[in-house]
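One-letter residues, chain by chain:
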Amino acid sequence: MVEGRLKQFQALMRSPALRRVLGAYFIFSAAELATWVAILVWAYDVGGAAAAGLIAVVQLVPATLLAPFLAQIGDRLRRDRALSLGFVFQASAFFATAAALTFDSPPVLVYVAATLAAIGITMTRPVHYATLPDISETPGQLTAANSLSSSAEGFGAFGGPLITAGLLAVSGPGMVFWLAGTASVVAALMTRSLPLRDRHLHISRPSVLDSAVEGFAALRESEGTRRISFIFGAQFLVIGALDILTVVLGLELLALDLSGPGTLASALGIGGLVGAAGTAILVNRRRMAPAVAGGLIAIGLPLALIALTSNGLTTSLLFLAMAGVGKSFVDVGGRTLLQRITPDRVLARVFGFQESMLMGGVAVGAAIAPMLVRVLGGRGAFLIVGALVVGIGLTQWRSLLRLDARSVLPGPGCELLAAIPMFSVLEQSLVERLSRDLVRVEVLAGRAVVREGEPGDRFCVIESGVVSILKRDASAVEPSEVNRLGRGSFFGETALVRDIPRTATVAAVTDLVLYALDRRPFLEALSGSPLSVVEAERVIDLRAKNPEPENWAGPQMPESHVAEPENLNAESREGNRSQPA
C-alpha cells in the first residue's frame, strides 16, 4: 500500500504540467498569506484590533460576492488561460497596493487596492482545484496533487508570514506587496499553455448569471456537495477569527513586537506542512470522512487549549502548529470528496462558491473576533472558537460517513479506461463510476475472446497479454491476422456503437487478462457525451479504413503463428470471471 502511494507521487512529479501548476500554487499560497498578514499588521498599527477587523471585512465582502462569478473563467476559458489571467490580475493589484503603501497614500486608497488584491485571489484557487482533475492521469494521482496543494498552502501559511515578519523588521508592508506582485508574474508565466483535455469547452455556454445559477444548483441538488461546502465555510470562519486572534495573542497576551503575529501565524503553516505530508496516507483510500471530521476536531482542540492553559510563546506555537495539521486533513479530504462528486462542467464554479464561503467566512470570523475579545478577553475568544469547530467535527462525523458510503471508489481498471480516447473526454467522476462496472476476465492462450459475426455484447480493454485480430476476406477460407494488440489496447466498440455483428475475431496469443464492460453501461456512458461519440466514431472509421497495424491502438508485437482459436463458450467465460475488488 505504501509503495502504491509512493508511485502516485512519483508519477505526479514526472508530469511537467502538474509540476508547473503546483509550483505556481506554492507561489500563490505564499503571496496570499504574506500580503494578508502585512495588511492586518499595517491596519493594527494604524488603529488597533478594530481597524484590523475593518480592513479584513472591507477586503473580503466584495471578494465574497464576486467569487462565484469570477470563478466562471475556469469553466468558460481554457483553464491554463484562466489561471494565468488570475495571476496577472492578482499581480496588478499587489503592485497597486505596494505603491499606495510605499508612497504613504491616504488609507482609503490602501483599502481599495487591498480589496482589488483580495478579489484577484478569488480567481486563482477555484481554477487551480478545477484544473487538477484535467491534468491528473489517475484518481490516486489526483489525491496526491490535492495533498501537495495542501503542502503548498502549508508552505504559504508558514513561509508567507515568516517573509512578512522579516520584511517588516527591516522595511515596511509595501515591500511585501512588491515582492508578492513579482512572484505572481512568475506564476502567470508558469501556468501558460498546459496540456489540457478541454473536454468542457465544446458545450454552449449560458450567460454569466445563468452560469452562476447552474453552479449554485449543483450545490442545491447535491447533499454531499452542500455538506462539504458548509464544513469548509465553518472552517474558514474559524481561520478568519484566528487571523485576528493571533494578532491579539502576539501583541497583547504575549507582549511581542510587530513581528510577533507573523511568527505565530507561521506556526500554523508549519503544522500545515507536517499535516500535508501526513495526508499521503489518504492516497488510494476511499474513506475521507475520518480525515475531514477528525481534522476539524484537531483544529479546535489546540485553540481551546490556548485558552485553558498558562502558555508562553513556545506552547502557543505548538498549539497553532497542531491546528495547522488538522486543517491539512480537512482540506485534502474535503476537496477530494468534492472533486469526486461534482460534475466537471461546473467544478470551477462550485469551487468558486467555496471561495466565496472562504472569503465570507474569513470576513465574518474577522468581524466577530474583536467583539469576542472585547466581551470575553483574548483567552475567552480562543475557547469559544475552539469549541465551535470541535462541535462541528463531532456533529458532522456520521453524515460524512454516510457520504463516504455513497461515494464511488474507482475500479481496478479505471486507469486503463481513462486512457481510451472515447472515455478520456468524459468527466473523471463518470469514468470512476464506469470502472465499477468492469468485469475482470482471464482467457487462456489460443482461445477466442470474440468471434467475427457474433452479436456484440461487451467492450474490452487489455490489462495484460497479447491478442491477435483476425479477419476473413471474401476470397479466403481461413481468417488472416491484421494486427496484434497489448496492454492498454481495446476492442469491441464497433459492434456496440453501430449495433452490428462483430467485425473481427479476437484471439488470445498469450494468456490474457482483460476488463470487460457490458453493452448497457458502455452505451449509456457514450450517450451522455457528444464528444465521446465523436471519438468512438473516429476510432471506428480509422480501423475500418486502415487495417494496417500502425493505425490500431496498442503496442506492436513480433509476428508469430496463431492457430484458429477455439470458441470461448459461456461456461468458460463465466468461469474465468472475477469480480472487481
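Residues numbered from 1 in each chain as written. Predicted model: local features only at pLDDT ≥ 70, side-chain atom pairs only at ≥ 80, totals over all residues. Heavy atoms only, no water.

So, the overall build of the protein
So, point 1. When its secondary structure is counted, the protein shows 21 helices and nine strands.
So, point 2. At a minimum sequence separation of 6, the contacts of the protein that also span at least 24 residues come to 85%.
So, point 3. Total accessible area on the protein stands at roughly 22900 Å², and carbon and sulfur atoms take up 63% of it. (Helix = DSSP H or I, 4+ residues; strand = E, 2+ residues; numbered from the N terminus. Contact = heavy atoms within 4.5 Å. Areas by Shrake-Rupley, 256 points an atom, 1.4 Å probe, with all protein chains shown as cover.)

Some remarks on the confidence of the model for the protein
So, point 1. Taken over all residues, the pLDDT of the protein has a mean of 77, while the share at 70 or more is 79%.
So, point 2. Across residues 198-204, confidence stays below pLDDT 50; counting only partners more than four residues off in sequence or on other chains, it has 22 contacts.
So, point 3. Here residues 549-581 scores under 50 on pLDDT; set against residues more than four positions off or in separate chains, the count is 77 contacts. (pLDDT = per-residue confidence, 0-100.)

A closer look at the packing of helix H4 (residues 79-102) against helix H5 (residues 107-121)
So, point 1. The geometry of H4 relative to H5 is characterised by a closest axis approach of 8 Å and an angle of 160° between their N-to-C directions. In terms of their interaxial angle, H4 and H5 are classed as roughly antiparallel. H5 is crossed by H4, and the crossing has left-handed handedness. Touching Gly86, Phe89, Gln90, Ala93, Phe94, Ala96, Thr97, Ala100 and Leu101 of H4 are Leu109, Val110, Ala113, Ala114, Leu116, Ala117, Ile119, Gly120 and Ile121, all from H5. (Axes fitted to C-alpha atoms, helices over the stretch in contact; angles between N-to-C directions. Parallel < 35°, antiparallel > 145°, perpendicular 65-115°, else oblique. Left-handed = near helix turned anticlockwise from the far one by under 90°.)

Overview of the packing of aromatic side chains
So, point 1. Counted according to the given criterion, the structure contains eleven aromatic pairs.
So, point 2. Pairing Phe94 with Phe177 gives two aromatic rings, centres 6.0 Å apart and planes at 65°, and the pair type is edge-to-face. Here Phe94, found in helix H4, pairs with Phe177, found in helix H8 (residues 173-190); they are 83 residues apart in sequence, far enough to count as distant.
So, point 3. Note on Phe94: relative accessible area 0%, which makes it buried.
So, point 4. An aromatic cluster is built from Tyr25, Phe28, Phe87 and Tyr129, whose rings are joined through pairwise contacts. (Phe/Tyr/Trp six-rings, centres within 6.5 Å; stacked < 30°, edge-to-face > 60°. Buried < 20%, exposed > 50% of the residue type's maximum accessible area, 1.4 Å probe, protein only.)

As for the sheet that holds strand S5 (residues 480-485)
So, point 1. In space, the four strands of this open sheet follow the order S2-S7-S4-S5, with antiparallel pairing throughout. Of all the strands in the sheet, the pair left with one neighbour each is strand S2 (448-450) and S5. Pairwise comparison of adjacent strand axes, ignoring direction, gives a mean angle of 30° for this sheet.
So, point 2. Note: strand S4 (residues 467-471) against S5, five bridges, orientation antiparallel. Its bridge partner lying in S5, Leu470 is registered against Glu481. (Pairing = 2+ DSSP bridges.)

Side note on the nonpolar core
So, point 1. With 105 residues, the main nonpolar core has Trp42, Leu303, Leu320 and Phe382 as its most contacted residues.
So, point 2. Broken down by element, the residue count for this core peaks at 21 residues, all from helix H2 (residues 16-70).
So, point 3. Leave out the neighbours within four places in its chain, and Phe382 touches Leu242, Leu245, Leu249, Leu303, Ala304, Ile306 and Ala307.
So, point 4. Of all hydrophobic cores here, the second largest spans 21 residues; its members include Leu426, Phe490, Ala525 and Val539. (Core = buried A, V, L, I, M, F, W, Y, C linked by side-chain atoms within 4.5 Å.)

Notes on the environment of Thr97
So, point 1. Mapped onto the elements, Thr97 comes out in helix H4.
So, point 2. Along the primary structure Thr97 and Leu109 are separated by twelve residues, whereas in three dimensions their C-alpha atoms are 8.2 Å apart.
So, point 3. If sequence neighbours within four positions are ignored, Thr97 has contacts with Ala113, Ala114, Ala117 and Phe177.
So, point 4. Reaching out from Thr97, the side chain makes a polar contact with the backbone oxygen of Ala113 at a distance of 3.1 Å. (Polar contact = N/O pair within 3.5 Å; in protein donor to acceptor, adjacent residues only side chain to side chain.)

Things to note about the pattern of salt bridges
So, point 1. Under the criterion given, the structure shown has eight salt bridges.
So, point 2. The partner of Arg484 in a salt bridge is Glu481, with the nearest N and O atoms 2.7 Å apart.
So, point 3. Across the pair Asp499 and Arg519 runs a salt bridge, and its minimum N-O distance is 2.9 Å. With a gap of 20 residues between them, Asp499 in the loop between helix H18 (493-498) and strand S7 (505-508) and Arg519 in helix H19 (residues 519-527) connect regions that are remote in the sequence. (Salt bridge = Lys/Arg side-chain N within 4 Å of Asp/Glu carboxyl O.)

Here we look at unusual backbone geometry
So, point 1. If you check the backbone angles, Asp104 has positive phi at about 50° while not being a glycine.
So, point 2. Along the chain, the position of Asp104 falls in the loop between H4 and H5.
So, point 3. Judged by relative accessible area, which is 67%, Asp104 ranks as exposed.
So, point 4. Notably, Asp499 is not glycine yet its phi reads approximately 55°, a positive angle.
So, point 5. Taking the relative accessible area as the measure of exposure, Asp499 reaches 57% and is therefore exposed.

What to know about the pairing of strand S1 (residues 439-443)
So, point 1. Because side chains alternate across S1, one face comprises the buried residues Val439, Val441 and Val443, and the other comprises Arg440 and Glu442, none of which is buried.
So, point 2. The pairing of S1 with strand S8 (residues 512-518) spans five bridges and is antiparallel. Bridging from a neighbouring strand, Arg440 pairs with Tyr515 of S8.

Overview of helix H12 (residues 289-308)
For an α-helix the count is 3.6 residues per turn, leaving residues at separations of three or four pointing the same way.
So, point 1. In this model, H12 (20 residues) spans 29 Å end to end at C-alpha, consistent with the 28 Å of a helix rising 1.5 Å per residue.
So, point 2. Burial analysis of H12 places 14 of its 20 residues in the buried class, which makes it a mostly covered element. (Expected span 1.5 Å × (residues − 1).)

Details of the environment of Ile39
So, point 1. Looking at the secondary structure, you find Ile39 in helix H2.
So, point 2. Put simply, Ile39 and Gly174 are 135 residues apart on the chain and 9.1 Å apart in space, counted from C-alpha to C-alpha.
So, point 3. The contact partners of Ile39, leaving out residues within four places of it in the chain, are Ile55, Gln59, Val110, Ala114 and Phe177.

Quick notes on the side chain of Glu32
So, point 1. Here Glu32 lies in helix H2.
So, point 2. If sequence neighbours within four positions are ignored, Glu32 has contacts with Ile121 and Arg125.

A closer look at a nonpolar patch on the surface
So, point 1. Together, Phe89, Val108, Leu109, Val112 and Leu116 line one region of the surface with nonpolar side chains, adding up to about 430 Å² of accessible area.
So, point 2. Ranked by residues supplied to the nonpolar patch, first place goes to H5 with four residues.
So, point 3. Tracing the backbone shows Val112 in helix H5.
So, point 4. Overall, the relative accessible area of 47% leaves Val112 in the partly exposed class. (Patch = residues over 30% accessible without salt bridge, like charges linked within 9 Å, V, L, I, M, F, W, Y side chains within 5 Å.)

What to know about the packing of H4 against helix H6 (residues 125-135)
So, point 1. Direction vectors running N to C along H4 and H6 enclose 155°, while the axes themselves pass 10 Å from each other. On the basis of the axis angle, H4 is roughly antiparallel to H6. The element H4 and its partner H6 pack so that their crossing is left-handed. Contact residues: Arg79, Ala82 and Leu83 in H4; Val127, His128, Ala130, Thr131 and Asp134 in H6.
So, point 2. Looking at the contact of H4 with H6 residue by residue, the classes come out as four nonpolar, two polar and two charged. (Nonpolar A, V, L, I, M, F, W, Y, C, P; charged D, E, K, R; others polar.)

Overview of H5
So, point 1. Counted at 1.5 Å a residue, the expected span for H5 with its 15 residues is 21 Å, and the 21 Å between its end C-alpha atoms agrees.
So, point 2. Of the positions making up H5, those classed as buried are Val110, Tyr111, Ala113, Ala114, Thr115, Ala117, Ala118, Ile119, Gly120 and Ile121.

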